[in-house]
Amino acid sequence: MKFKTSSGIKSIVGKDLITDRYVAIFELVKNSYDARATEVIVSFNTSDDSENGVGTLDDGKIYIVDNGTGMSKDDLDNKWLKLAYSDKQEGSFEEDNSEDSLREVKNRVLVGSKGIGRFSSDSLGSVIVIRTKIKHENIEHQLTVNWDDFDKDLKTLFEDVNLKYQENSLLSRTDVESYTIIEIANLRNVWDDEQLEGVTEKLRRLKNPFTKDDDLDIYCGVNIFDLNQRNDVNKSNLIYSNIAEVLKEKSINITASISCSNKGEHKTVITLSDRGNLVYRVEKVDDSILTHVDKMDISVNYLTTSAKSTFTRRMGIQPINYGNIFIYRNGFHVSPYGEEHYDIFGLNLRKTQGYSRYLATRELIGFISIEDSANFFKETSSRNNGFIENGYFKALKDFYMDFIQRPLERYVQIINWGEIRDTGEEIHLTDTSIEDSVKDNFKKYISRSNFKILDFNSGLDFEKNKPEKIIERIEEKIKNPNSKKSSKKLDETKILSKQFKELEKENIEKEKLASKKMKETELLKVQNMNLINKRRDESYGEQITHHITLLAERLDDALHNLLSIKSRINHEDEYTFLTSIDDIMSTKLEMETLRKLLLGTSYDLKAGGVINWYDITEWYLDKGGRRTYYPDYDSNCHLNLDPKLKNDKSIWLIDSSHLELVMMIENLYRNAFEHGATFIDFTFQDDGINIVSNSKKIETTALNSIFDLGFSTKPNGTGVGLSQVKQFLKDVGLDIKVSNKNDLVHFDIYRKA
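Residues numbered from 1 in each chain as written. Predicted model: local features only at pLDDT ≥ 70, side-chain atom pairs only at ≥ 80, totals over all residues. Heavy atoms only, no water.

### Let's talk about the overall build of the chain
Rule in force here: Every helix listed is a DSSP run of H or I at least four residues long, and every strand listed is a run of E at least two residues long, numbered separately from the N terminus. Each residue's exposure class comes from its accessible area (1.4 Å probe, protein chains only) as a fraction of the maximum for that residue type: buried when under 20%, exposed when over 50%, partly exposed otherwise. Here, residues are in contact when the closest pair of their heavy atoms is within 4.5 Å. Working definition of accessibility: Shrake-Rupley area with a 1.4 Å probe, residue cover restricted to the visible protein chains.
Within the chain, the secondary structure is distributed over 18 helices and 24 strands. Taken over 753 residues, the chain has a buried fraction of 48%. Of all intrachain contacts in the chain linking residues separated by at least 6 positions in sequence, the fraction that spans at least 24 positions is 70%. Roughly 39000 Å² of accessible area belongs to the chain as shown, and the carbon and sulfur atoms make up 48% of that amount.

Put into structure tokens, the structure is as follows:
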């Protein structure tokens, strides 16, 4: 007997696996890179009757065009069309000394080996046409694939779905030209100006923008490629970034290099520079597992005020909106590391524990570049969830925090405030004698873990940066006994110096409160507008009276039940006890939810009826309760809608309660982040809702009990929240199940048969 493969495997390794449209394009660009291309064109072509860019699902096409080595008929038949087959070993080219193999890419490292990247086109459009030519042939091979043909009957075997192949004669003989043109039609997504700008910006970061790299030019734009004319692309559409020049001599930069010397020694060198001036350089022979990779380079910049201003002016975007610490593996960006709201090292949460002591992502920008021919750092198959959490990835995190983040923070503390902190305790420089002590302590700190100091700038003057010293220098400049005006300024400066210490203490607390106050102000504005514009006085009063009265009665009954069994809880009373707790917890959450809905929306909460679950979920994730309970995870949440529902969300019109729906969403949201999640995705499909997070996996033995009243995977959990979710869904004719898939936790809401 043999395994048989259903045609449905296409979706599993295609549009269901790679759901991010940008990642899908990146996978095709990477294929061009592996084909030894030096130029790639990404062109969004509008149809003749389209007025607004690449518009509806039926008009417009996407072209991915490269000047790589191309494919022969045999390559198409025995390689491209073979699922999960790749003639590449990820990390290095096969041994081949031919002219084609060595064409300008001798040092290029392969970035794909799974043999499924080509299926990413399924998430972009239903039809793909490949035109390709190899050197020395005068014909073009054309293959047409309609991905929807694989979905017609899942009983059909994958290999039994017919594809169309043809050969095209070329008008003129070209002995040297080779290329591949991928045409994607029947697009599954709308591409408006925002998405087109987004793909351009993401392509700008696909190859490391911090280093000079001329081996692959990427062009992107609207209608920049004509299939009929095969015109040369406009050079103005070249994706280019001058970020390295912008940051040069403007920021405080720390770098690390882990590499193997000619003698076989693995060395780690770390260098810190302050606006172009060397501060220190240290080195050690390293035996950590990170030395197993071919090479690793890290470069992180602390952005001074001047650097932020220059960056914004020259890049046209604020640093915080550009990103933070990007990771590149074999030359290509590993998503989502470095993206605006992604915090790989947990720096933002750490910042709240030591506001003036630690640096957050908004103050940093840089990259980690990994050359990894042996594939020690493994990306997830979906290609947008970063690395698998193995020992190498954990070692990288530890190395970054110990030898990049903490030394940078320590130096910034010294040069900004003339102080250094050990174990959270400040050492203030009250006299010049401590200056040498600070330098000695700093040198001891950077030479720990067997690092040898190669260079150290002994001319560093930390003392002069102390705010008190700055005021003293101002004093000296304005001293002039013959001037009444100067005398007055001197008195004012002395008063300022006297008050400084008090102001310094107050400033730290004010900075801590600033961000919190800003969020509260925004919330109050929204609430005020809703109260003024959206509700009649009598409506607001009626709803408050109606609901709060009911909730109070329920709380009172539940509490009396608890008091009556307090002294005699046994097995037979356990259910009564748990249901009473359930009532109290549910009522508490309902009161919180009611407040949010009353102040944040104009929904009529008295009346029941049909509501749109997608719209309510969108409100909650964008403006609702998550901002209150989990502000640090504010943007690590995504809402997706199946393309088939884009123009018809009515399938999620359900007769249910606003309050209970929001309570369900909140329960699932809280549950994820209280179990360590850093992101959560809600995806609405025609037959269900998929809630996915990277929270702690649920033990196999607990999967069947997770929705039972009183069962909890948390030490102090009540076991109430998910039980409430199950009951609510049951009341509206739905059900829910939970599973662990690909190191992610899936809650699937589905319609009962």
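### Description of the pairing of strand E4 (residues 139–146)
The cut-off we apply is this: The pairing criterion is simple: DSSP has to find at least two bridges between the two strands.
Examined bridge by bridge, strand E3 (residues 125–133) and E4 share 6 bridges and lie antiparallel to one another. Of the residues in E4, the one forming a bridge with Arg-131 is Gln-142. The loop that links E3 with its antiparallel partner E4 comprises 5 residues; one of these, His-136, has a positive phi angle of about 75 degrees. Note that E4 and strand E5 (residues 164–169) share 6 bridges and pair antiparallel. Paired with Thr-144 across the two strands is Lys-164, which belongs to E5.

### Focus on the environment of Glu-666
Spelled out, the test is: Under this definition, polar contacts are N or O atom pairs within 3.5 Å; protein pairs additionally need one hydrogen-donor-capable and one acceptor-capable atom, and for neighbouring residues in sequence, both atoms have to be side-chain atoms.
Here Glu-666 is to be found in helix H17 (residues 658–674). Using a relative accessible area of 0% as the deciding quantity, one classes Glu-666 as buried. Spatially, the C-alpha atoms of Glu-666 and Gly-721 are 9.3 Å apart, while their sequence positions differ by 55 residues. Side-chain polar atoms of Glu-666 contact the side chain of Tyr-620, separated by 2.7 Å.

### Here's the deal with helix H2 (residues 21–34)
Helical geometry note: an α-helix holds 3.6 residues per turn, so side chains three or four residues apart project in the same direction. Heads up, the condition is: Under the convention used throughout, the expected extent of a helix is 1.5 Å for every residue step, that is, one less than its residue count.
Between the first and last C-alpha of H2 there are 20 Å, a value that for 14 residues agrees with the 20 Å anticipated at 1.5 Å per step. Arg-36 occupies a position one or two residues after H2 and carries a positive phi of about 70 degrees.

### Topic: the pattern of salt bridges
Stated formally: Salt bridges are counted wherever a side-chain nitrogen of Lys or Arg sits within 4 Å of a carboxyl oxygen of Asp or Glu.
Counted under the stated rule, the structure contains 25 salt bridges. For Lys-30, the salt bridge is made with Glu-27, and the minimal N-O distance between the two is 3.6 Å. Of this pair, Lys-30 and Glu-27 both sit in helix H2, 3 residues apart, roughly one helical turn. In this structure Lys-30 comes out as buried when scored by relative accessible area, which is 7%. Asp-215 serves as the salt-bridge partner of Lys-207, at 3.9 Å between the closest nitrogen and oxygen.

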